[in-house]
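Okay, here's what each chain looks like letter by letter:
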Amino acid sequence: MKKIIVAIDGFSSCGKSTIAKALARETGYIYVDTGAMYRAISLFCVQNGLMTDQEIKLEELEKEIKSISIEFRANAAGESETYLNNINVEKEIRSLEVASGASKISTLGFVRRELVRQQQLMGEKKGVVMDGRDIGTVVFPNAELKLFLTASAEIRAQRRMDEMLAKGEKVDFETVLANVIERDERDVNRTESPLRKAVDAIEIDNSNINKEKQSEMIRTLFAKKTF
Ligand code: DC
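This is a predicted model, so every value here is computed, not measured.

Novice: I keep staring at the overall build of the chain and nothing clicks. Help me out?
Specialist: From N to C terminus, the chain includes 9 helices and 8 strands. Its C-alpha radius of gyration of 17 Å places the chain within 12% of the 17 Å reference for a compact globule of 227 residues. Sorting the 227 residues of the chain into buried and exposed places 50% on the buried side. Within the chain, counting contacts between residues at least 6 apart in sequence, those at least 24 apart form 72% of the total. Accessible surface, the chain as shown: approximately 11600 Å² in total, 51% of it carbon and sulfur.

Right under this line is the structure:
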(Lines give C-alpha, C1' and ligand atoms only; values in the text may rest on other atoms or scores of the structure.)
Protein backbone atom coordinates (compact mmCIF):
# COMPACT_ATOMS: atom_id res chain seq x y z
CA MET A 1 0.00 0.00 0.00
CA LYS A 2 1.27 3.44 -0.97
CA LYS A 3 2.34 5.69 1.94
CA ILE A 4 0.95 9.20 1.79
CA ILE A 5 0.77 12.46 3.73
CA VAL A 6 -2.60 13.40 5.17
CA ALA A 7 -2.93 17.14 5.85
CA ILE A 8 -5.83 18.18 8.09
CA ASP A 9 -6.46 21.90 8.45
CA GLY A 10 -9.31 23.94 9.84
CA PHE A 11 -10.54 26.22 12.60
CA SER A 12 -9.79 25.59 16.28
CA SER A 13 -11.91 23.00 18.09
CA CYS A 14 -13.23 21.43 14.90
CA GLY A 15 -12.23 17.97 16.00
CA LYS A 16 -9.12 17.90 13.79
CA SER A 17 -6.98 16.14 16.36
CA THR A 18 -9.62 13.52 17.20
CA ILE A 19 -9.97 12.64 13.53
CA ALA A 20 -6.23 12.77 12.91
CA LYS A 21 -5.42 10.54 15.90
CA ALA A 22 -8.07 8.00 14.95
CA LEU A 23 -6.84 7.84 11.35
CA ALA A 24 -3.20 7.51 12.47
CA ARG A 25 -4.14 4.70 14.86
CA GLU A 26 -6.08 2.79 12.20
CA THR A 27 -3.41 3.16 9.53
CA GLY A 28 -0.26 2.88 11.66
CA TYR A 29 0.74 6.40 10.57
CA ILE A 30 2.55 8.91 12.78
CA TYR A 31 0.32 11.64 14.18
CA VAL A 32 1.77 15.16 14.41
CA ASP A 33 -0.19 17.84 16.30
CA THR A 34 1.38 21.05 14.98
CA GLY A 35 -0.82 23.22 17.22
CA ALA A 36 0.96 21.59 20.18
CA MET A 37 4.25 22.93 18.79
CA TYR A 38 2.97 26.54 18.76
CA ARG A 39 1.51 25.95 22.21
CA ALA A 40 4.87 24.65 23.48
CA ILE A 41 6.61 27.81 22.27
CA SER A 42 3.89 29.85 23.98
CA LEU A 43 4.47 27.96 27.24
CA PHE A 44 8.22 28.48 26.89
CA CYS A 45 7.63 32.23 26.58
CA VAL A 46 5.34 32.30 29.63
CA GLN A 47 7.81 30.29 31.72
CA ASN A 48 10.76 32.45 30.72
CA GLY A 49 9.13 35.86 30.99
CA LEU A 50 9.21 36.43 27.22
CA MET A 51 5.49 37.08 26.88
CA THR A 52 3.02 39.26 28.80
CA ASP A 53 -0.50 40.38 27.84
CA GLN A 54 1.05 43.44 26.23
CA GLU A 55 4.13 42.20 24.44
CA ILE A 56 6.37 39.39 23.25
CA LYS A 57 10.12 39.90 23.64
CA LEU A 58 10.84 39.28 19.99
CA GLU A 59 14.61 39.63 19.94
CA GLU A 60 15.07 37.26 22.85
CA LEU A 61 12.65 34.70 21.43
CA GLU A 62 14.33 34.85 18.04
CA LYS A 63 17.69 34.15 19.70
CA GLU A 64 16.28 31.13 21.54
CA ILE A 65 14.00 29.67 18.88
CA LYS A 66 16.40 27.15 17.34
CA SER A 67 17.51 25.80 20.71
CA ILE A 68 13.99 25.06 21.98
CA SER A 69 13.37 21.33 21.75
CA ILE A 70 9.84 20.11 21.01
CA GLU A 71 9.24 16.38 20.73
CA PHE A 72 6.34 13.96 20.71
CA ARG A 73 6.69 10.76 22.73
CA ALA A 74 4.15 7.98 23.19
CA ASN A 75 2.83 7.36 26.72
CA ALA A 76 2.03 3.90 28.16
CA ALA A 77 -1.33 3.92 26.35
CA GLY A 78 0.41 4.67 23.05
CA GLU A 79 -0.88 8.26 22.90
CA SER A 80 1.45 10.97 21.71
CA GLU A 81 2.43 13.58 24.32
CA THR A 82 4.31 16.84 23.92
CA TYR A 83 7.73 17.41 25.50
CA LEU A 84 9.30 20.85 25.81
CA ASN A 85 13.04 20.69 26.49
CA ASN A 86 12.64 17.08 27.70
CA ILE A 87 9.75 17.83 30.07
CA ASN A 88 6.25 16.50 29.53
CA VAL A 89 4.02 19.57 29.07
CA GLU A 90 0.99 17.87 27.54
CA LYS A 91 -1.35 19.14 30.27
CA GLU A 92 0.07 22.67 30.65
CA ILE A 93 -0.15 23.49 26.95
CA ARG A 94 -3.93 22.88 26.89
CA SER A 95 -4.84 25.87 29.12
CA LEU A 96 -6.73 28.87 27.68
CA GLU A 97 -3.82 31.16 28.63
CA VAL A 98 -1.31 29.10 26.65
CA ALA A 99 -3.78 28.80 23.75
CA SER A 100 -4.18 32.58 23.55
CA GLY A 101 -0.40 32.99 23.66
CA ALA A 102 0.02 30.36 20.93
CA SER A 103 -2.37 32.28 18.74
CA LYS A 104 -0.12 35.37 19.07
CA ILE A 105 3.10 33.39 18.72
CA SER A 106 1.79 31.79 15.53
CA THR A 107 1.68 35.19 13.79
CA LEU A 108 5.49 35.48 13.98
CA GLY A 109 7.32 34.67 10.76
CA PHE A 110 10.54 33.46 12.38
CA VAL A 111 8.60 31.05 14.63
CA ARG A 112 6.57 29.70 11.72
CA ARG A 113 9.65 29.19 9.53
CA GLU A 114 11.40 27.14 12.23
CA LEU A 115 8.35 25.02 13.09
CA VAL A 116 7.48 24.44 9.42
CA ARG A 117 11.08 23.25 8.85
CA GLN A 118 10.73 20.74 11.72
CA GLN A 119 7.30 19.61 10.49
CA GLN A 120 8.62 19.01 6.97
CA LEU A 121 11.39 16.82 8.43
CA MET A 122 8.80 14.80 10.38
CA GLY A 123 6.91 14.10 7.16
CA GLU A 124 9.93 13.37 4.98
CA LYS A 125 9.25 9.62 4.85
CA LYS A 126 5.47 10.08 4.48
CA GLY A 127 3.12 7.87 6.52
CA VAL A 128 2.10 10.92 8.53
CA VAL A 129 -1.19 12.49 9.56
CA MET A 130 -0.54 16.13 10.44
CA ASP A 131 -3.10 18.62 11.66
CA GLY A 132 -2.88 22.41 11.89
CA ARG A 133 -3.76 25.53 9.94
CA ASP A 134 -1.22 25.61 7.09
CA ILE A 135 -0.42 21.96 6.48
CA GLY A 136 -2.09 21.65 3.08
CA THR A 137 -1.07 25.15 1.97
CA VAL A 138 2.49 25.67 3.28
CA VAL A 139 3.97 22.66 5.07
CA PHE A 140 2.95 19.99 2.54
CA PRO A 141 1.40 21.67 -0.52
CA ASN A 142 1.82 18.33 -2.34
CA ALA A 143 0.10 16.21 0.32
CA GLU A 144 -1.88 13.44 -1.33
CA LEU A 145 -4.94 13.87 0.90
CA LYS A 146 -5.98 17.29 2.20
CA LEU A 147 -8.97 17.83 4.45
CA PHE A 148 -10.38 21.14 5.63
CA LEU A 149 -12.69 20.89 8.65
CA THR A 150 -15.21 23.53 9.69
CA ALA A 151 -18.10 23.88 12.16
CA SER A 152 -19.96 26.88 13.57
CA ALA A 153 -18.19 28.88 16.32
CA GLU A 154 -20.98 28.10 18.82
CA ILE A 155 -20.77 24.36 18.25
CA ARG A 156 -16.99 24.45 18.55
CA ALA A 157 -17.16 26.47 21.78
CA GLN A 158 -19.67 24.02 23.24
CA ARG A 159 -17.42 21.06 22.34
CA ARG A 160 -14.39 22.78 23.88
CA MET A 161 -16.36 23.63 27.01
CA ASP A 162 -17.58 20.03 27.41
CA GLU A 163 -13.99 18.81 27.13
CA MET A 164 -12.80 21.26 29.78
CA LEU A 165 -15.68 20.47 32.13
CA ALA A 166 -14.94 16.77 31.74
CA LYS A 167 -11.40 17.50 32.94
CA GLY A 168 -12.81 19.29 35.97
CA GLU A 169 -11.93 22.80 34.76
CA LYS A 170 -14.40 25.57 35.58
CA VAL A 171 -15.28 27.66 32.50
CA ASP A 172 -18.31 29.49 31.21
CA PHE A 173 -19.66 29.34 27.68
CA GLU A 174 -19.21 33.06 26.89
CA THR A 175 -15.50 32.98 27.81
CA VAL A 176 -14.86 29.91 25.68
CA LEU A 177 -16.85 31.32 22.74
CA ALA A 178 -14.94 34.62 22.93
CA ASN A 179 -11.64 32.69 22.94
CA VAL A 180 -12.72 30.65 19.88
CA ILE A 181 -13.77 33.78 17.95
CA GLU A 182 -10.63 35.70 18.90
CA ARG A 183 -8.42 32.83 17.70
CA ASP A 184 -10.42 32.40 14.46
CA GLU A 185 -9.91 36.06 13.64
CA ARG A 186 -6.20 35.90 14.26
CA ASP A 187 -5.81 32.63 12.32
CA VAL A 188 -7.61 34.02 9.27
CA ASN A 189 -6.28 37.57 9.27
CA ARG A 190 -2.59 37.17 10.07
CA THR A 191 -0.16 38.00 7.26
CA GLU A 192 2.08 34.97 7.81
CA SER A 193 0.40 31.81 6.43
CA PRO A 194 -3.20 32.70 7.31
CA LEU A 195 -5.70 29.88 7.65
CA ARG A 196 -6.98 29.10 4.15
CA LYS A 197 -8.55 26.08 2.53
CA ALA A 198 -6.10 24.74 -0.07
CA VAL A 199 -7.72 24.68 -3.51
CA ASP A 200 -7.43 20.90 -3.64
CA ALA A 201 -8.61 20.27 -0.05
CA ILE A 202 -11.87 18.49 0.65
CA GLU A 203 -14.06 20.56 2.97
CA ILE A 204 -16.05 18.83 5.69
CA ASP A 205 -18.49 20.89 7.77
CA ASN A 206 -19.05 18.68 10.80
CA SER A 207 -21.54 20.95 12.62
CA ASN A 208 -24.26 18.40 12.06
CA ILE A 209 -22.52 15.11 11.36
CA ASN A 210 -21.49 12.65 14.03
CA LYS A 211 -17.98 11.30 14.57
CA GLU A 212 -18.78 7.87 13.12
CA LYS A 213 -20.11 9.30 9.85
CA GLN A 214 -17.13 11.63 9.57
CA SER A 215 -14.63 8.81 10.24
CA GLU A 216 -16.32 6.70 7.60
CA MET A 217 -16.04 9.51 5.02
CA ILE A 218 -12.36 10.00 5.82
CA ARG A 219 -11.59 6.28 5.75
CA THR A 220 -13.10 6.09 2.25
CA LEU A 221 -11.06 9.08 1.05
CA PHE A 222 -7.88 7.59 2.53
CA ALA A 223 -8.50 4.21 0.89
CA LYS A 224 -8.96 5.87 -2.53
CA LYS A 225 -5.61 7.66 -2.22
CA THR A 226 -3.57 4.70 -1.02
CA PHE A 227 -4.65 1.85 -3.33
O1 DC B 1 -4.81 23.69 16.98
P2 DC B 1 -4.44 24.43 18.25
O3 DC B 1 -5.60 25.13 18.88
O4 DC B 1 -3.74 23.54 19.24
O5 DC B 1 -3.39 25.54 17.79
C6 DC B 1 -2.83 26.46 18.70
C7 DC B 1 -2.57 27.79 17.96
O8 DC B 1 -1.53 27.62 17.00
C9 DC B 1 -3.78 28.33 17.20
O10 DC B 1 -4.00 29.68 17.57
C11 DC B 1 -3.42 28.27 15.75
C12 DC B 1 -1.94 28.10 15.73
N13 DC B 1 -1.48 27.15 14.71
C14 DC B 1 -0.97 27.65 13.54
O15 DC B 1 -0.94 28.87 13.33
N16 DC B 1 -0.49 26.81 12.59
C17 DC B 1 -0.53 25.49 12.78
N18 DC B 1 -0.05 24.67 11.84
C19 DC B 1 -1.08 24.95 13.97
C20 DC B 1 -1.57 25.83 14.91
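Additional details are given in the paragraphs that follow.
Novice: Is there a simple way to explain a positive patch on the surface in this structure?
Specialist: Judged by side-chain charge, Lys-21, Arg-25, Lys-91 and Lys-167 come together as a positively charged surface patch. Looking at where Lys-167 falls in the secondary structure, it is placed in the loop between helix H7 (153–166) and helix H8 (173–189).

Novice: Is there a simple way to think about the site of the ligand in this case?
Specialist: Among the 14 residues in the neighbourhood of the ligand, the closest are listed as Arg-39, Arg-112, Arg-133, Asp-134 and Arg-190. In this structure, Arg-39 approaches the ligand through a side-chain N or O atom, which is 2.6 Å from an oxygen atom. With respect to the ligand, the side chain of Arg-190 contributes an N or O atom lying 2.9 Å from an oxygen atom. For the ligand, whose free accessible area comes to 440 Å², the fraction covered by protein is 96%. Secondary structure elements with two or more residues in the shell around the ligand: helix H2 (34–47), helix H4 (96–105) and H8. Residue composition of the shell around the ligand, grouped by class: 2 nonpolar, 5 polar and 7 charged.

Novice: Help me understand the sheet that holds strand E7 (residues 145–150) in this model?
Specialist: Think of a sheet as strands paired side by side through backbone hydrogen bonds, with each pair either parallel or antiparallel. The parallel open sheet is built from 5 strands, whose spatial order is E2-E6-E1-E7-E8. Pairing within the sheet leaves two strands with one partner each, and these edge strands are strand E2 (30–33) and strand E8 (202–205). On average, each strand axis in the sheet is inclined to that of its neighbour by 20°, with strand direction left out of account. Here 5 bridges tie strand E1 (residues 5–10) to strand E6 (residues 128–132), and the two strands are oriented parallel to one another. Bridging from a neighbouring strand, Asp-9 pairs with Gly-132 of E6. Contacts from H2 reach E2 and E6, with the element oriented near 40° to E2.

Novice: I'm lost on the packing of H2 against helix H5 (residues 109–122) in this one. Help?
Specialist: When two helices pack together, their arrangement is captured by the angle between the axes and the distance separating the axes. Between H2 and H5, whose axes approach to 11 Å, the crossing angle comes to 140°. By the angle between their directions, the pair H2 and H5 is classed as oblique. The handedness of the crossing between H2 and H5 comes out as right-handed. Contacts between H2 and H5 involve Thr-34, Met-37, Tyr-38 and Ile-41 on the former and, on the latter, Val-111, Arg-112, Leu-115, Val-116, Gln-118, Gln-119 and Met-122. Residue classes in the contact of H2 with H5 are distributed as 7 nonpolar, 3 polar and 1 charged.

Novice: Would you mind going over the sheet that holds strand E4 (residues 80–84) with me for this structure?
Specialist: With respect to topology, 3 strands assemble into an open sheet ordered E3-E4-E5, the strand pairing being antiparallel. The open sheet has two free edges, formed respectively by strand E3 (70–74) and strand E5 (87–88), since each of these has just one partner strand. Here 2 bridges tie E4 to E5, and the two strands are oriented antiparallel to one another. Residue pairing across strands places Tyr-83 opposite Asn-88, the latter belonging to E5. Sheet contacts for H2: E3 and E4; angle to E4, the most-contacted strand, approximately 35°.

Novice: Help me understand the environment of Lys-16, please; the structure alone is not making it clear to me.
Specialist: When you line up the elements, Lys-16 lands in helix H1 (residues 16–27). Taking relative accessible area as the criterion, Lys-16 reaches 8% and is therefore assigned buried. Placed 115 residues apart in sequence, Lys-16 and Asp-131 show a C-alpha to C-alpha distance of 6.4 Å. Here Lys-16 is in contact with Ile-8, Asp-9, Gly-10, Phe-11, Asp-131, Gly-132, Arg-133 and Leu-149, once residues within four sequence places are set aside.

Novice: What's the story with the packing of aromatic side chains in this structure? I'm lost.
Specialist: Any aromatic ring pair is given by two values, namely how distant the centres are and how the planes are angled relative to each other. All chains considered together, the criterion is met by 2 aromatic pairs. When the centroid spacing of 6.3 Å and the interplanar angle of 75° are considered together, the rings of Phe-11 and Phe-148 count as edge-to-face. Of the two residues, Phe-11 sits in the loop between E1 and H1 while Phe-148 sits in strand E7, which places them 137 residues apart along the sequence. The buried category is assigned to Phe-148, whose relative accessible area is 6%. A centroid spacing of 5.4 Å and a plane angle of 75° characterise the contact between Tyr-29 and Phe-222, whose relative ring orientation is edge-to-face. Taken together, the residues span a long stretch of sequence, with Tyr-29 in the loop between H1 and E2 and Phe-222 in helix H9 (residues 211–226) at a distance of 193 residues. Looking at Arg-73, its charged tip hangs above the ring of Tyr-83, at a distance of 4.1 Å from the centre.

About the cut-offs
- Residues numbered from 1 in each chain as written.
- Predicted model: local features only at pLDDT ≥ 70, side-chain atom pairs only at ≥ 80, totals over all residues.
- Heavy atoms only, no water.
- Helix = DSSP H or I, 4+ residues; strand = E, 2+ residues; numbered from the N terminus.
- Rg over C-alpha atoms; globule rule 2.2 N^0.38 Å.
- Buried < 20%, exposed > 50% of the residue type's maximum accessible area, 1.4 Å probe, protein only.
- Contact = heavy atoms within 4.5 Å.
- Areas by Shrake-Rupley, 256 points an atom, 1.4 Å probe, with all protein chains shown as cover.
- Patch = residues over 30% accessible without salt bridge, like charges linked within 9 Å, V, L, I, M, F, W, Y side chains within 5 Å.
- Salt bridge = Lys/Arg side-chain N within 4 Å of Asp/Glu carboxyl O.
- Lys, Arg positive; Asp, Glu negative; His and termini not counted.
- Charge placed at Lys NZ, Arg CZ, Asp CG, Glu CD.
- Near = heavy atom within 4 Å.
- Polar contact = N/O pair within 3.5 Å; in protein donor to acceptor, adjacent residues only side chain to side chain.
- Nonpolar A, V, L, I, M, F, W, Y, C, P; charged D, E, K, R; others polar.
- Pairing = 2+ DSSP bridges.
- Axes fitted to C-alpha atoms, helices over the stretch in contact; angles between N-to-C directions.
- Parallel < 35°, antiparallel > 145°, perpendicular 65-115°, else oblique.
- Left-handed = near helix turned anticlockwise from the far one by under 90°.
- Phe/Tyr/Trp six-rings, centres within 6.5 Å; stacked < 30°, edge-to-face > 60°.
- Lys NZ or Arg CZ within 6 Å of the ring centre and 35° of its normal.

None of the figures reported here should be taken as evidence of function without further support.
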